[in-house]
Amino acid sequence: MMLKINCFLLFFCLLNSAIIIAQVGINNPNPSAMLDVTGSVLVGKKLYLENPGDYPEIRGSKLLIKKTDEQIVKYDIDQSKYGPINYVQFVFKNTNAIGLQNYDSKISANDYLVTVQGFYFLVTGTNDTNITIHSNLAESNIEGYQIYAYIDNTTQTWHIKGFINDSTFRNNADVDTAIDLYINLIIFRNGFIAKSLEDVSVDMNNQETKTVPPPSGF
């Protein structure tokens, strides 16, 4: 009987020891996680998170970032002049019937990555979407759109174009018309969560399909 009691006590002690080792509280006598810290945390070097999982109380929490002077500060989107991902709508009023040929957004190509998320156009000064496209080459032609953001190598800023090839915009009366052009842009902060990769050039060799290696790093 004594041997059984001793074995039970030993098992009980080992179980308690495992629980104590499994959960550590700092300024918290009743930890609810493996490491439960009540208060501020100062990391002198680097902090690595492996498989952090889901956190049910993500709302209202802040992100810590390292400044250029090596200081660790709290990143508050409400006080920042930019976010990691930004959204803006450009509205070009009374645009010529041939569309937007070139617009310098003044957004630095060194600091940001810009993509067109969507677009639409109206007869200028109205809510009328009844716009047709008239080809300058042939009545039977249906031309394609070119609406995109690109880097101008001279200014090193993002430029925007929005037009139809060899065509004009026309209203319901089949007359060339100015338009109000709406272009939605997604702007990513370089070096924060976005990374620009080298261009991928693929020679299709007049084939419809082809299998090529993925971009570098994937």
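Before any of the text, the structure's been laid out above.
So, a few notes on the structure that sits alongside this text. (Residues numbered from 1 in each chain as written. Predicted model: local features only at pLDDT ≥ 70, side-chain atom pairs only at ≥ 80, totals over all residues. Heavy atoms only, no water.)

## Here we look at the pairing of strand β11 (residues 167–170)
So the rule is basically this: Relative accessible area decides the class of each residue, using a 1.4 Å probe on protein chains only: under 20% of the type maximum gives buried, over 50% gives exposed, and in between gives partly exposed. Every helix listed is a DSSP run of H or I at least four residues long, and every strand listed is a run of E at least two residues long, numbered separately from the N terminus. Whether two strands pair comes down to DSSP finding at least two bridges between them.
Side-chain alternation along β11 places S167 and F169 on one buried face and T168 and R170 on a second face that is also buried. Here strand β8 (residues 132–135) pairs with β11 via four bridges, running antiparallel. Within the sheet, the bridge partner assigned to S135 lies in β11 and is S167.

## Quick look at the sheet that holds strand β5 (residues 85–95)
Two strands in a sheet stick together by hydrogen bonds in their backbones, pointing the same way (parallel) or opposite ways (antiparallel). Note the following rule: Between N-to-C directions, angles span 0 to 180 degrees; the directions come from axes that are lines fitted to C-alpha atoms, helices contributing only their stretch in contact.
Spatially, three strands are ordered β5-β12-β7 in an open sheet, and the strand pairing comes out antiparallel. Looking at the sheet topology across the chains shown, the edges are occupied by β5 and β7 (112–123). Between one strand axis and the next, the sheet turns through 20° on average, direction left out of account.

## Section: the pairing of strand β10 (residues 157–164)
The two faces of a sheet get side chains in turn, since along a regular strand they alternate between them. The buried fraction of β10 is high, at seven of eight residues. Pairing of strand β6 (residues 100–108) with β10, which is carried by five bridges, proceeds in the antiparallel orientation. Paired with L100 across the two strands is G162, which belongs to β10. Sheet topology places strand β9 (residues 145–152) next to β10; eight bridges connect them, and they run antiparallel. Considered in β10, the bridge of Y150 is made with H159. Hairpin connection between β9 and β10: a loop of four residues separates the two successive antiparallel strands, and Q156 in this loop has a positive phi of roughly 55°.

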